[in-house]
Amino acid sequence: MPETSVTVIGLGPMGRAMASAYLDRGYEVTLWNRTAARADGLVARGARLAGSVDEALRANELVVLSLTDYDAVYAILEQAPQALSGRTLANLTSDTPAKARESAAWLAERGAVQITGGVQTPPPGIGSADAATYYSGPADAVERHRAALEVLTSIDYLGDDPGLAALYYQIGIDMFWTGLVGYLHGQAVAAANGIPAEQFLAQAVKTMDFGYFLEFYAPRIDAANHEGDVDNVGMAVASLTHVVHTAEESGVDASVPAAVLDLFRRAVAAGRERDSLTSLIEVLKQ
């Protein structure tokens, strides 16, 4: 029979969005959260608030975890380790790949299966087929619960290694925060010069579209080809120096571009002045 019930543990914005999506699809939803009042709106819609972690775990085979980190996972699950046997935990908690692997082993010792997940959308995107979640762990567990997982987002399955979903997620978040901070720094310079964010929006969207560059550089990176035939580190040092000076002249903190400039200068010191900016990968590995 198709799965029609689920337990959701952790009711921050993401957990509440997930529980809400299940209710929208007619699932019987059991909830648990350290701050019980966060469940009030969902209970009013028909969800059931468990009185304990033990009760929440025993209510359903599939348990969705949406917590701050894996320390929080252990703090909660260690309250009822005897209730883990036979459960599949879709652990959508953000943390390192190593911790995801450790958690999967810890759960296996207690008779449970972990499916690691890395959600690639903010809470408003939950419930949309256009959103996706990285998953890794036992393929049979993913398939057994596919319908329930797809209530939340589409599935991007990466393989058996429980750390892979966490690794892909953290790589993406690395690029996400770095890119957005770059955007915000640019907008701070714009604002300091009287240019509203909406006025610069079209230019910002065009500038932040890195698709062409990623497709050009990816095969070169895999081939360790850092030939400076299109760009080189020396050119970037000159360019970033101008960015730093422009920020300073605008009265804006220049620490963000200065940090990137420092990385390029390290590449120059390593003898890579005429190499492509992709050679920064070798500098970052050191």
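Structure first, text after, so check above.
This section reports on the structure supplied with the text. Predicted, not measured: the structure shown is a model, and the values here were computed from it.

### Quick look at a nonpolar patch on the surface
Phase 1: A surface patch of nonpolar side chains, amounting to about 540 Å² of accessible area, comprises M208, F210, Y212, F213 and L214.
Phase 2: With respect to the element layout, L214 can be found in helix α10 (residues 211-222).

### Considering the pairing of strand β2 (residues 28-32)
When a strand is regular, its side chains alternate between the sheet's two faces.
Phase 1: Buried residues dominate β2, accounting for four of its five residues.
Phase 2: Direction of pairing for strand β1 (residues 5-9) relative to β2: parallel, over a ladder of five bridges. Along β2, the bridge assignment pairs T7 with T30.
Phase 3: Sheet topology places β2 next to strand β3 (residues 48-49); two bridges connect them, and they run parallel. Bridging across to β3, T30 finds its partner in R48.

### Thoughts on the packing of aromatic side chains
Phase 1: Under the definition given, this model contains seven aromatic pairs.
Phase 2: Here Y74 and W106 contribute two aromatic rings whose centre-to-centre distance is 5.1 Å and whose plane-to-plane angle is 80 degrees, an arrangement assigned as edge-to-face. Residue Y74 is located in helix α4 (residues 70-77), and its partner W106 is located in helix α5 (residues 97-109); the two are separated by 32 residues in the primary sequence. Across the pair, W106 and Y74 agree in class, each one buried.
Phase 3: Here the aromatic residues Y212, F213, F216 and Y217 are joined through ring pairs into a cluster of three or more.

### Focus: the packing of α4 against α5
Phase 1: At a minimum axis distance of 11 Å, the contact between α4 and α5 shows a crossing angle of 15 degrees. By the angle class used here, α4 and α5 are roughly parallel. As for the relative orientation of α4 and α5, their crossing is left-handed in sense. Two secondary-structure elements touch here, α4 through Y70, D71, Y74 and L77 and α5 through K99, A100, E102, S103, W106 and L107.
Phase 2: Its residues placed into classes, the contact of α4 with α5 shows six nonpolar, one polar and three charged.

### Remarks on the pattern of salt bridges
Phase 1: Applying the stated criterion across every chain, the model contains 11 salt bridges.
Phase 2: Note that E109 is salt-bridged to R110, the shortest N-O span being 3.3 Å.
Phase 3: Given a relative accessible area of 64%, E109 falls into the exposed group.
Phase 4: Residues joined by salt bridges that share partners form a network here, namely E143, R146 and E150.

### Looking at unusual backbone geometry
Phase 1: The backbone of A224 sits at a positive phi, close to 55 degrees, despite the residue not being glycine.
Phase 2: In this structure, A224 sits in the loop between α10 and α11 (233-249).
Phase 3: The class of A224 is exposed, set by a relative accessible area of 52%.

### Quick look at α11
Phase 1: The end-to-end C-alpha distance of α11, which contains 17 residues, comes to 24 Å, matching closely the 24 Å that a straight helix rising 1.5 Å per residue would cover.
Phase 2: The complete set of buried residues in α11 reads V233, G234, A236, V237, L240, T241, V244 and A247. One side of α11 holds all its buried residues, which, seen down the axis, span an arc of 145 degrees. Those residues of α11 that are exposed and aimed more than 90 degrees away from the buried face are H242 and E249.

About the thresholds
Residues numbered from 1 in each chain as written. Predicted model: local features only at pLDDT ≥ 70, side-chain atom pairs only at ≥ 80, totals over all residues. Heavy atoms only, no water. Patch = residues over 30% accessible without salt bridge, like charges linked within 9 Å, V, L, I, M, F, W, Y side chains within 5 Å. Areas by Shrake-Rupley, 256 points an atom, 1.4 Å probe, with all protein chains shown as cover. Salt bridge = Lys/Arg side-chain N within 4 Å of Asp/Glu carboxyl O. Helix = DSSP H or I, 4+ residues; strand = E, 2+ residues; numbered from the N terminus. Buried < 20%, exposed > 50% of the residue type's maximum accessible area, 1.4 Å probe, protein only. Pairing = 2+ DSSP bridges. Phe/Tyr/Trp six-rings, centres within 6.5 Å; stacked < 30°, edge-to-face > 60°. Axes fitted to C-alpha atoms, helices over the stretch in contact; angles between N-to-C directions. Parallel < 35°, antiparallel > 145°, perpendicular 65-115°, else oblique. Left-handed = near helix turned anticlockwise from the far one by under 90°. Contact = heavy atoms within 4.5 Å. Nonpolar A, V, L, I, M, F, W, Y, C, P; charged D, E, K, R; others polar. Expected span 1.5 Å × (residues − 1). Arc of directions from axis to C-beta.

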